[in-house]
Amino acid sequence: MTEEQFKEFFQDVLITVYANIRDLHEKQGFADPEEQDYISGRLFSYEEILAIFRMSANDTGVNPKELGL
């Protein structure tokens, strides 16, 4: 895998994660109480993924903002 391929891969993953977070926030406004817990759990998981990416970026000396984090 080339550096360019990895960049494109990582950007695609981030776009998908952010799109899923946005979609879940939209669904949250219309969800019934049982769905709220499920949506909250999924949002927490996505936020954890982003936190891991940010932490790894910081640990490796990469500016998280340069990665779109």
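Conventions we followed
Residues numbered from 1 in each chain as written. Predicted model: local features only at pLDDT ≥ 70, side-chain atom pairs only at ≥ 80, totals over all residues. Heavy atoms only, no water. Patch = residues over 30% accessible without salt bridge, like charges linked within 9 Å, V, L, I, M, F, W, Y side chains within 5 Å. Areas by Shrake-Rupley, 256 points an atom, 1.4 Å probe, with all protein chains shown as cover. Salt bridge = Lys/Arg side-chain N within 4 Å of Asp/Glu carboxyl O. Lys, Arg positive; Asp, Glu negative; His and termini not counted. Charge placed at Lys NZ, Arg CZ, Asp CG, Glu CD. Helix = DSSP H or I, 4+ residues; strand = E, 2+ residues; numbered from the N terminus. Axes fitted to C-alpha atoms, helices over the stretch in contact; angles between N-to-C directions. Parallel < 35°, antiparallel > 145°, perpendicular 65-115°, else oblique. Left-handed = near helix turned anticlockwise from the far one by under 90°. Contact = heavy atoms within 4.5 Å. Buried < 20%, exposed > 50% of the residue type's maximum accessible area, 1.4 Å probe, protein only.

**Some thoughts on a negative patch on the surface**
Now for step 1: Together, Asp-32, Glu-34, Glu-35 and Asp-37 give the surface a local cluster of negative charge.
Now for step 2: If you trace the backbone, Glu-35 turns up in helix α2 (residues 33-59).

**Quick look at the packing of helix α1 (residues 3-28) against α2**
Now for step 1: Close contact between α1 and α2 brings their axes to 10 Å; oriented N to C, the two are set at 150°. The orientation of α1 relative to α2 falls into the category roughly antiparallel. As for the relative orientation of α1 and α2, their crossing is left-handed in sense. Each of Phe-10, Val-13, Leu-14, Val-17, Tyr-18, Asn-20, Ile-21, Leu-24, His-25, Lys-27 and Gln-28 in α1 lies in contact with α2, whose residues at this interface are Gln-36, Ile-39, Ser-40, Arg-42, Leu-43, Tyr-46, Glu-47, Leu-50, Phe-53 and Arg-54.

**What to know about the pattern of salt bridges**
Now for step 1: Under the defined criterion, the tally for this structure stands at one salt bridge.
Now for step 2: Salt-bridge contacts for Asp-23 lead to Lys-27; the nearest nitrogen and oxygen are separated by 3.3 Å. Of this pair, Asp-23 and Lys-27 both sit in helix α1, four residues apart, which is roughly one turn of the helix.
Now for step 3: A relative accessible area of 44% places Lys-27 in the partly exposed class.

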